[in-house]
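Structural overview
The chain contents come next:
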Amino acid sequence: MPGPKRQPRVLRSQRERSATDQMVRTLLRRRKKALAAEDVTVTDPPKVRRAVTAAALGNTMEWFDFGVYAYLAGTLGKVFFPSSSPGAQVVATFATFAAAFVVRPLGGLVFGPLGDRVGRQKVLALTMIMMAASTFAVGFLPTYGAIGFAAPLLLLVCRLVQGFSTGGEYAGATTYIAEYAPDKRRGFLGSWLDFGTFVGYSLGSGLVTVLTATLGTDGLTDWGWRIPFFVAGPLGLIGLYMRLKLEETPVFQREEEAQAAALAEGDPVEQARQSGKGRLKEIFTGHWEAVLICMGLVLLYNVTNYMVTSYLPTYMSETLGEPETSSQLLVLGTMLLVVLTITVVGRSSDRWGRRPVFMAGSVALIVFAIPAFLFIREGGILMPAIGCGILGLLLVCFAGTSASTLPALFPTRMRYGALSIAFNISVSLFGGTTPLFTSALVELTGNDMLPAYYLMVAGAVGLVATFFLHETAGKPLRGSGPMVESQEQARTLVARSRTRAGRQARDLWIRRRHPWGGGRKKE
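Residues numbered from 1 in each chain as written. Predicted model: local features only at pLDDT ≥ 70, side-chain atom pairs only at ≥ 80, totals over all residues. Heavy atoms only, no water.

Digging into the overall build of the chain
Assigned secondary structure in the chain consists of 22 helices and two strands. Counting all 523 residues of the chain, 53% fall into the buried class. Surface summary for the chain: the accessible area is close to 23,500 Å², and the carbon and sulfur share equals 64%. (Helix = DSSP H or I, 4+ residues; strand = E, 2+ residues; numbered from the N terminus. Buried < 20%, exposed > 50% of the residue type's maximum accessible area, 1.4 Å probe, protein only. Areas by Shrake-Rupley, 256 points an atom, 1.4 Å probe, with all protein chains shown as cover.)

Brief notes about the side chain of S165
Relative to the helices and strands, S165 is located in helix α8 (residues 150-166). The contacts of S165, once residues within four sequence positions are left out, are F111, T127, M130 and M131. (Contact = heavy atoms within 4.5 Å.)

Overview of the nonpolar core
F80, F198, L312, F373 and L391 are the most contacted members of the largest nonpolar core, which totals 112 residues. Here the element with the most residues in this core is helix α15 (residues 288-319); it accounts for 18 residues. (Core = buried A, V, L, I, M, F, W, Y, C linked by side-chain atoms within 4.5 Å.)

Details of the environment of T135
Its place among the elements puts T135 in helix α6 (residues 120-138). Relative accessible area serves as the criterion here: at 3%, T135 is assigned to the buried category. Note: C-alpha distance between T135 and F230 (95 residues apart in sequence) is 8.0 Å.

Focus: the packing of aromatic side chains
Applying the stated criterion across every chain yields a total of 14 aromatic pairs. Their ring planes at 65° and their centres at 6.0 Å tell us that F136 and F230 sit as a pair that is edge-to-face. Here F136 is found in helix α6, whereas its partner F230 is found in helix α11 (residues 227-244), with 94 residues between them in sequence. Look at F136 and you get partly exposed, because its relative accessible area is 31%. Geometrically, the ring pair formed by Y170 and F423 is stacked, given 4.7 Å between the ring centres and 20° between the ring planes. Pair noted here: Y170 is in helix α9 (residues 169-180) and F423 is in helix α19 (residues 415-431), with a separation of 253 residues, a long-range link. The same class applies to Y170 and to F423, which are both buried. Site record: aromatic cluster; members linked through ring pairs are F80, W225 and F229. Over the face of the ring belonging to F188 we find R347, whose NZ or CZ atom lies 4.1 Å from the ring centre. (Phe/Tyr/Trp six-rings, centres within 6.5 Å; stacked < 30°, edge-to-face > 60°. Lys NZ or Arg CZ within 6 Å of the ring centre and 35° of its normal.)

Notes on the confidence of the model for the chain
Averaged over all residues, the pLDDT of the chain equals 83, while 83% of them reach at least 70. Scored below 50 in pLDDT, residues 518-523 shows zero contacts in the model against residues more than four places distant or in partner chains. (pLDDT = per-residue confidence, 0-100.)

Brief notes about a nonpolar patch on the surface
Residues L106, L109 and V110 make up a contiguous nonpolar surface patch of about 240 Å² in total accessible area. Take L109: its relative accessible area is 39%, and that puts it in the partly exposed class. (Patch = residues over 30% accessible without salt bridge, like charges linked within 9 Å, V, L, I, M, F, W, Y side chains within 5 Å. Salt bridge = Lys/Arg side-chain N within 4 Å of Asp/Glu carboxyl O.)

Focus on helix α21 (residues 450-467)
Given 3.6 residues per helical turn, the α-helix brings residues three or four places apart onto the same face. For α21, with 18 residues, the first-to-last C-alpha span of 26 Å sits near the 26 Å given by 1.5 Å per residue. Of the residues making up α21, those classed as buried are L450, P451, A452, L455, A458, G459, G462, A465 and T466. Looking at the buried side of α21, the elements it contacts are α15, α17 (354-377), α18 (382-405) and α20 (434-445). (Expected span 1.5 Å × (residues − 1).)

Digging into the pattern of salt bridges
As enumerated under the stated definition, the model contains eleven salt bridges in all. One salt bridge connects E247 with K47, and the closest N-O pair in it is separated by 3.0 Å. Separated by 200 residues along the polypeptide, E247 in the loop between α11 and α12 (250-264) and K47 in helix α2 (residues 45-71) bring together distant segments of the chain. Across the salt bridge formed by D350 and R354, the nearest N and O atoms sit 3.0 Å from each other.

Focus: the packing of α15 against α17
With their axes 12 Å apart at the nearest point, α15 and α17 run at an angle of 15° to one another. By the angle between their axes, α15 is roughly parallel relative to α17. The crossing of α15 and α17 is left-handed. Note on element contacts: α17 touches α15 through F358, S362, L365, F373, I376 and R377, opposite L297, L300, T304, M307, L312, Y315 and M316. (Axes fitted to C-alpha atoms, helices over the stretch in contact; angles between N-to-C directions. Parallel < 35°, antiparallel > 145°, perpendicular 65-115°, else oblique. Left-handed = near helix turned anticlockwise from the far one by under 90°.)

Some details on α18
Compared with an ideal rise of 1.5 Å per residue, which puts 24 residues at 34 Å, α18 spans 35 Å between its outermost C-alpha atoms and is within 8% of the ideal. In the structure, α18 departs most strongly from a straight axis at L395, where the bend amounts to approximately 25°. Where burial is concerned, most of α18 is hidden: 18 out of the 24 residues are buried. (Bend = angle between axes of the 7 residues up to and from the residue.)

Points about the packing of α15 against α21
With their axes 7 Å apart at the nearest point, α15 and α21 run at an angle of 160° to one another. It follows from the interaxial angle that α15 and α21 lie roughly antiparallel. Considering how the two elements wind past one another, α15 and α21 form a crossing that is left-handed. Every residue of α21 that contacts α15 at I293, G296, L297, L299, L300, V303, T304, M307, Y311 and Y315 is listed here: P451, Y454, L455, A458, G459, V461, G462, A465 and T466. Split into classes, the residues belonging to the contact of α15 with α21 amount to 14 nonpolar, five polar and no charged. (Nonpolar A, V, L, I, M, F, W, Y, C, P; charged D, E, K, R; others polar.)

This is the structure we're talking about:
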């Protein structure tokens, strides 16, 4: 019985070619389109400088308060918790410090999505007002001896307001700078934000150190502790003035126009995104990997940060019994080391990438945490200075790259909200509680090497997070077009994009017409 009739070879060849032509046309339609001139944003250098300065000043204000509070932990314990033992006073003071971090996620939930709806600049001005007012108010609080238990309660209220406002501060400031910075300089410009962080901390801790040396312990406990909080008022007014003069970021303006156009057309997806529930659902269902990576990197940075800035002065003076002034000077010197090197690290991340810097810092933290604390335990000046210097160089690896790495994890339409939520959950659970947990563990176990082990765990978590991090150095932010510094760079970028698109189309066509890569062999 004859088998099925085979199709002629010519007919099969025509059908295969037709299918291939269809596939090629589909690929040509779906290929990455060439950039047009309007797709590229040319930044205005004076506006970029104003944006970086205003954002960094807010961080300076925030960390001025942290530096003051960390260096006055022992004094504030005597003023607001006088009936406790010295160790319990420190724990109680750091518990009040940590309480501010409990409400930070709430601040992130409010200010982050609000910044994605109404704009970054308006929300950053509001957070500045709240931070400055609550810090300034601490200087007017009566002591425990004057009104009893109500005094620590009022301190707690001020700290809660500070924590709520800072829930929208760092994420908003990093978002603002990232959306203004050219792609190839985002690491360098972003590092100025954390430059402001450590300048603020240095100013706060330096002021307390000077007051301690001039007024003595008794004078500081009686009335001198109020002075640093009074200084926060003028700083806040300057920062508020600068932020009110800022314009909205060009990236957000484009996104706002695109959203308005989609809503005008009745796009149901965009309408769902505009609701608070829709935004939160999209963050945790559509971008959960980025949220986890962000939390891991924030844990790495902030555990190291709060260990050095907030706990180390008290650790050296209260746990190791070193003189208070020398302990404060050592940590202040560490902060100055970070200030001097942080922009170098930021510039290096533009050249080498964010992942290599985070990876090297994570491995070094695991390796050098124990030697650093062994040096600090030796006493004197030289050996603790070496230990503090090691911790400072480890810290700057994360401080110099975080502000450019974290905003790049999320698309523009939800960048402020997603970053606020992920950042503040991680800081609240792991970063801000570092002084409380480590002081309590040292008090409970008597093992003064526990801070080093704590840092090693943070390094391991950061290493895992960095492993899953995609490189973003020199690339546009997600959901945004390229950003360059000059018209010449824009023209060059558009020309290169068109050339690549043309070559891609040509290569596809050549592969279609010459499937054997240049012709068949001669028989």
